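Structural description and commentary
Listed here are the chains, written in short residue letters.
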Amino acid sequence: QKEVEQDPGPLSVPEGAIVSLNCTYSNSAFQYFMWYRQYSRKGPELLMYTYSSGNKEDGRFTAQVDKSSKYISLFIRDSQPSDSATYLCAMSEYSSASKIIFGSGTRLSIRP
Amino acid sequence: SQTIHQWPATLVQPVGSPLSLECTVEGTSNPNLYWYRQAAGRGLQLLFYSVGIGQISSEVPQNLSASRPQDRQFILSSKKLLLSDSGFYLCAWRDLLAATVGDTIYFGEGSWLTVV
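Note that this is a predicted model, so its numbers are computed, not measured.

**Focus: the interface of chain B and chain A**
- Chain B puts 26 residues into the contact, and the matching count from chain A is 21 residues.
- Taken together, the two surfaces of chain B and chain A that pack against each other cover about 2,000 Å², and 57% of this comes from carbon and sulfur.
- Here chain B is connected to chain A by two salt bridges.
- Across the salt bridge formed by K42 of chain A and E109 of chain B, the nearest N and O atoms sit 3.8 Å from each other.
- Along the contact surface separating chain B from chain A lie three residue pairs in polar contact (both at pLDDT 80 or more).
- For the side of chain B that touches chain A, the secondary structure elements donating two or more residues are strand 4 (32-38), strand 5 (44-52), strand 9 (87-95) and strand 10 (104-107) of chain B.
- For the side of chain B that touches chain A, the class distribution of residues is 14 nonpolar, seven polar and five charged.

Have a look at this one:
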């Protein structure tokens, strides 16, 4: 079993829709959770990070962590064509030598 | 502010030729540094990471090597490239200031390597 599982998609939704992207994980020691957006042929850029459980909102993006279920989500409201990209979740236990584990990414396409 | 530079951006190399990709980070001290590879349509594969000068940990046994000659410089090398080395190589640094920005990792723009 992989430490982090992420549906690869592709996911295609119409402009303005609410998008839900998800990851599950197996390591209960993970404390920090991140979401990255990667446009084609570019390096991933950090969208949001959260610590432990709960919600965090930033503009149209909301990150949600449910540690009891080992499940994290990223919601995108009022989706735009510019949101079309691959979204990667990542997580770590946090220490100077601990690894950051990435999901394989979900490819999202927003149809105008 | 911190920035990360990675070069070259694109290269086409013949099988058996050497490789050198370079990465430098500015605006921070003693960062953790990483090399990842992303094959077409696949996730990020951690190749090497370094917690300090001269300290390299290898995650995947292969014909690649890494070196950290200076605090903010990380180099990925190969003596003889294989076709399977083709991919998108990403350098990254890690911010360990948990009190302010959390445990996050920042990527360079990447280097596209095609081995022919």
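**Here's the deal with the packing of aromatic side chains**
- Applying the stated criterion across every chain, the model contains 13 aromatic pairs over all chains.
- Both rings, one in Y36 of chain A and one in F102 of chain A, keep their centres 5.6 Å apart while their planes meet at 50 degrees; by these two values the pair is tilted. With Y36 of chain A in strand 4 (residues 32-38) and F102 of chain A in strand 10 (residues 100-102), this pair connects stretches of sequence that are 66 residues apart.
- In this structure F102 of chain A comes out as buried when scored by relative accessible area, which is 10%.
- With a centroid separation of 5.5 Å and an interplanar angle of 80 degrees, the aromatic rings of F102 of chain A and Y36 of chain B are classed as edge-to-face. Separated into two different chains, F102 of chain A in strand 10 and Y36 of chain B in strand 4 make up a pair that spans both.
- With a relative accessible area of 1%, Y36 of chain B lands in the buried category.
- A cation over an aromatic ring shows up here: R41 of chain A above the ring of W112 of chain B, its NZ or CZ 4.4 Å from the ring centre.

So, how was this worked out
Residues numbered from 1 in each chain as written. Chains lettered and ligands numbered in written order. Predicted model: local features only at pLDDT ≥ 70, side-chain atom pairs only at ≥ 80, totals over all residues. Heavy atoms only, no water. Contact = heavy atoms within 4.5 Å. Buried area = accessible area lost by both parts, 1.4 Å probe. Salt bridge = Lys/Arg side-chain N within 4 Å of Asp/Glu carboxyl O. Polar contact = N/O pair within 3.5 Å; in protein donor to acceptor, adjacent residues only side chain to side chain. Helix = DSSP H or I, 4+ residues; strand = E, 2+ residues; numbered from the N terminus. Nonpolar A, V, L, I, M, F, W, Y, C, P; charged D, E, K, R; others polar. Phe/Tyr/Trp six-rings, centres within 6.5 Å; stacked < 30°, edge-to-face > 60°. Buried < 20%, exposed > 50% of the residue type's maximum accessible area, 1.4 Å probe, protein only. Lys NZ or Arg CZ within 6 Å of the ring centre and 35° of its normal.

Interpretation in functional terms is not warranted from these geometric data alone.
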